[in-house]
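If you want the building blocks of each chain, they are given just below.
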Amino acid sequence: MVIPSAVALRCVVVEDQVMFLQLLVAMLRTLPGLEVVATAQGLAEGIAACQDHRPELVILDLALPDGDGVELMAALAEAEKPPRVIVLSGQVSSFVCPRRLLPLVQAVVDKTRAYHDLRSEVQRLLDPQAARPGEAEARGRLTARERQVFALIGKGCTNRLIAEQLGLSLRTVETHRKNITGKVGAKGGELVRLAALDLQMTLDRVE
């Protein structure tokens, strides 16, 4: 389904639920500076749409009827100029992105808050001045213990596994995670994404 428009940032939306897809597209079309060039409802259709339209942004549901959205991200990563990706998921806290695909991921958005959060994330792309202030500085304010927890979050560890690895109580880990969320300004899948990116940059510096 091709949607004509005449604005700047080219976007493909991949979402299998028709009504939800229509709502997202209607919202996205209200944003000046964004052009939704195509939509798709499955993995194969999404890959074809991206090959045909070469978007700069892909809004992608992870749970597709004919495959996993991560497979589409892997295909996008092979492009000469890979697009940025905003991931939609009903289970953001359990989403762990493969390390090699992390540079593509702009944000991870909970589908239950997609209308509000997706709008905010796209507006940040359209207006760099609207980006979250001081993310790097916020991570720099983490305590030594919080940095340990943050690194394990980046590895996809659950609170219980973090507690076991660090010899802490589950409640203590939950408190650390809450403090990290407050300092970094992200939670759920977005916190995992930021932690994974931070871990990747740390490993790259070591290498």
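Please refer to the structure placed before this passage.
Keep in mind it's a predicted model, so treat the numbers as computed, not measured.

(A) Seen up close, the pairing of strand β2 (residues 34-40). The element β2 is largely enclosed, with a buried count of 7 among its 7 residues. Handedness of the crossover joining strand β1 (residues 9-14) and β2 through helix α1 (residues 18-28) is recorded here as right-handed.

(B) Focus on empty space enclosed by the protein. In the structure shown here, the tally under the stated rule is 1 cavity of 30 Å³ or more. Taken as a whole, the largest cavity encloses approximately 70 Å³ of empty space. Surrounding the largest cavity, F95, V96, C97, L102, V105, V108, G154, G189, V192, R193 and A196 form its lining. Mapped onto the lining of the largest cavity, the elements with two or more residues apiece are β7 (105-110) and α9 (188-206). Counting residues per element, the lining of the largest cavity draws most heavily on α9, at 4 residues. Residues belonging to the lining of the largest cavity are distributed by class as follows: 8 nonpolar, 2 polar and 1 charged.

(C) Quick peek at the layout of surface pockets. Approximately 320 Å³ is the volume attributed to the second largest pocket. Looking at the second largest pocket, it is lined by 13 residues, and the ones nearest its centre are C50, R54, A79, K81 and P83. Looking at the lining of the second largest pocket, the elements with two or more residues in it are α2 (43-53) and α3 (69-77). No other element matches the 3 residues that α2 contributes to the lining of the second largest pocket. When grouped by side-chain class, the residues that make up the lining of the second largest pocket number 8 nonpolar, 1 polar and 4 charged.

Criteria and cut-off values
Residues numbered from 1 in each chain as written. Predicted model: local features only at pLDDT ≥ 70, side-chain atom pairs only at ≥ 80, totals over all residues. Heavy atoms only, no water. Buried < 20%, exposed > 50% of the residue type's maximum accessible area, 1.4 Å probe, protein only. Helix = DSSP H or I, 4+ residues; strand = E, 2+ residues; numbered from the N terminus. Right-handed = clockwise from strand over helix to strand, strands pointing away. 1 Å grid on protein atoms, 1.4 Å probe; cavity = no way out; pocket = protein on both sides within 12 Å on 5 of 7 lines; lining within 4 Å. Points joined across faces, edges and corners; volume = space filled by probe spheres on them. Nonpolar A, V, L, I, M, F, W, Y, C, P; charged D, E, K, R; others polar.

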